[in-house]
Amino acid sequence: MPLFIGLMSGTSLDGIDAALVEIASPPGAAPPRLLATQAAPMPEGLRQRLWALCHAERASFAELAAAEEAFCCLQAEVVAALLAASDTPQEAVTAIGSHGQTIEHAPCGHGGGPAYTLQLDNPSRLAELTGCRVVADFRRRDLAAGGQAAPLAPAFHEALFRAAGEWRLVLNLGGFANLTLLPPAEDPRAPLGFDSGPANALLDAWHASHRSGRFDADGAWAASGRVDAALLQRLLAEPFFHLPPPRSTGRELFHLAWLEGQLTGDEAPEDVQATLAELTAASVMLAVEMARERLDAPPVTALIPCGGGAHNTDLLRRLAARLPEARLAESDAWGWPADWLEAGAFAWLAWRRLAGLPGNLPSVTGAAGPRVLGGVYAP
């Protein structure tokens, strides 16, 4: 069966994930199967360069080109490592699906300008370095059709997790959180998905500004603090949390300066961390209520967390308290560990592109209709 590689680098800028995926033909013959995985940590110099680009008001073409070249070389390295570790010959790979590194995402435009989304990537160079066909630039086709260009993973979630007799919620807890509400398979309605708000992005930023290390391992620091109810109320007053879907967000809105603008200066740092964790749980709950109302759905009975936040015990505890009807279901039960769903999604989207099949869900992104996503770059 055809083999695809998916590459994903998220908003946390912590590294590149690569997933080797077997996809059956014809469509729907069998669920995509994860065969092997490889991760490459982001070198600190490259991470700082990308971070600066994400927050730059202006950047030169030379800066963008240098960062793109370094990023592309790292992608090629992780592909080579994945093929070597899995004993897979390069010629056995049908295509690589490359998401690229999001630098800025403005689906509603900025300052009255046109909508845009920018992923740093060079699929032509990646094809040269790996000798593999590359599918890339997945988001802008949906944007051109009037969609948000995000999230794109819900279509993959549907392929993996939709089943008869149960309403399921897939919750991706990356730098930002997005949800996919899946009706039972016998229900004709399409899934609904959208960004609920910040997850690891603010938690990591606040932690890094007060403690050593890039993130709060297992949410231990957040668990040591107390939720500041007044601060939580101020944070939840942000209009984004109350916008109807389709909607998506990123660092353009939720960043450290946004948080600091809500502080009085008297808060204990650990209490702010606890409040940020509670903000993620509370905003997820608001989003779930919004999705259920939109689909006239009963309470979800299964919550499937994925992304880095799926390992945060404190955050999962807060989510369980906010969504008491839902049992926690680990994605491992379907053969997909939580860390690899996003990379797997872009392997699957590459397969969809080569098969001439739509990759977006208009019910999620708001696009004018189904669209075949991505461009193809031959080696």
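The structure contained in this document is the topic of the report that follows. Just so we're clear, the structure is a prediction, and the values are computed from it rather than from any experiment.

A tally of regular secondary structure across the protein chain gives 13 helices and twelve strands. The C-alpha atoms of the protein chain give a radius of gyration of 20 Å, which matches the 21 Å a tight globule of 379 residues would have. C-alpha extents for the protein chain along the principal axes are approximately 60 × 50 × 45 Å. A burial count over the protein chain gives 54% of its 379 residues as buried. Restricting to contacts in the protein chain with at least 6 residues of sequence separation, those with at least 24 account for 69%. On the protein chain, roughly 15300 Å² of surface is accessible, and the fraction owed to carbon and sulfur atoms is 53%. A gap of 5 Å separates the mean positions of the 27 positive and 42 negative side-chain charges of the protein chain.

Of note, Asp 314 is situated in helix α11 (residues 313-322). Taking relative accessible area as the criterion, Asp 314 reaches 3% and is therefore assigned buried. A polar contact of 2.7 Å, which involves the side chain of Asp 314, links it to the side chain of Arg 317.

With mixed pairing, the five strands of this open sheet are ordered in space as β9-β8-β7-β10-β11. Both edges of this open sheet fall to β9 (192-198) and β11 (327-328), since each of them pairs with a single strand only. As paired strands, strand β7 (residues 168-173) and strand β10 (residues 302-306) are joined by five bridges and run parallel to one another. Its bridge partner lying in β10, Leu 171 is registered against Pro 305. The strands touched by helix α5 (residues 154-161) are β7, β8 (176-182) and β10; relative to β8, the strand with the most contacts, the crossing angle is about 45 degrees. Relative to the sheet, helix α10 (residues 269-295) contacts β7, β8 and β9, its axis offset from that of β9 by approximately 160 degrees.

Here we take up the packing of aromatic side chains. Inspection of the entire model under this criterion finds nine aromatic pairs. Centroid distance Phe 156 to Trp 336: 5.3 Å. Interplanar angle 85 degrees. Geometry classified as edge-to-face. Here Phe 156 is found in helix α5, whereas its partner Trp 336 is found in the loop between β11 and α12 (341-354), with 180 residues between them in sequence. When the centroid spacing of 5.0 Å and the interplanar angle of 85 degrees are considered together, the rings of Phe 161 and Trp 334 count as edge-to-face.

For helix α2 (residues 61-86), spanning 26 residues, the distance from its first C-alpha to its last is 37 Å, which sits close to the expected 38 Å at 1.5 Å a residue. Looking only at α2, the buried set comprises Ala 67, Phe 71, Cys 72, Leu 74, Gln 75, Ala 76, Val 78, Val 79, Leu 82 and Leu 83. Just downstream of α2 lies Asp 87, where phi reads positive at about 55 degrees.

Turning our eyes to something else, we now look at the pairing of strand β2 (residues 15-22). The buried fraction of β2 amounts to seven of the eight residues, a majority that puts the element mostly inside the structure. The pairing of strand β1 (residues 3-9) with β2 spans six bridges and is classified as antiparallel. Each bridged residue has a counterpart across the sheet, and for Gly 6 the counterpart in β2 is Ala 19. Bridge analysis of β2 against strand β3 (residues 33-41) gives eight bridges, and the strand direction is antiparallel. Bridge pairing links Leu 20 to Ala 36 in β3.

The rules behind each value
- Residues numbered from 1 in each chain as written.
- Predicted model: local features only at pLDDT ≥ 70, side-chain atom pairs only at ≥ 80, totals over all residues.
- Heavy atoms only, no water.
- Helix = DSSP H or I, 4+ residues; strand = E, 2+ residues; numbered from the N terminus.
- Rg over C-alpha atoms; globule rule 2.2 N^0.38 Å.
- Buried < 20%, exposed > 50% of the residue type's maximum accessible area, 1.4 Å probe, protein only.
- Contact = heavy atoms within 4.5 Å.
- Areas by Shrake-Rupley, 256 points an atom, 1.4 Å probe, with all protein chains shown as cover.
- Lys, Arg positive; Asp, Glu negative; His and termini not counted.
- Charge placed at Lys NZ, Arg CZ, Asp CG, Glu CD.
- Polar contact = N/O pair within 3.5 Å; in protein donor to acceptor, adjacent residues only side chain to side chain.
- Pairing = 2+ DSSP bridges.
- Axes fitted to C-alpha atoms, helices over the stretch in contact; angles between N-to-C directions.
- Phe/Tyr/Trp six-rings, centres within 6.5 Å; stacked < 30°, edge-to-face > 60°.
- Expected span 1.5 Å × (residues − 1).

Just distances and angles here, no functional claims.
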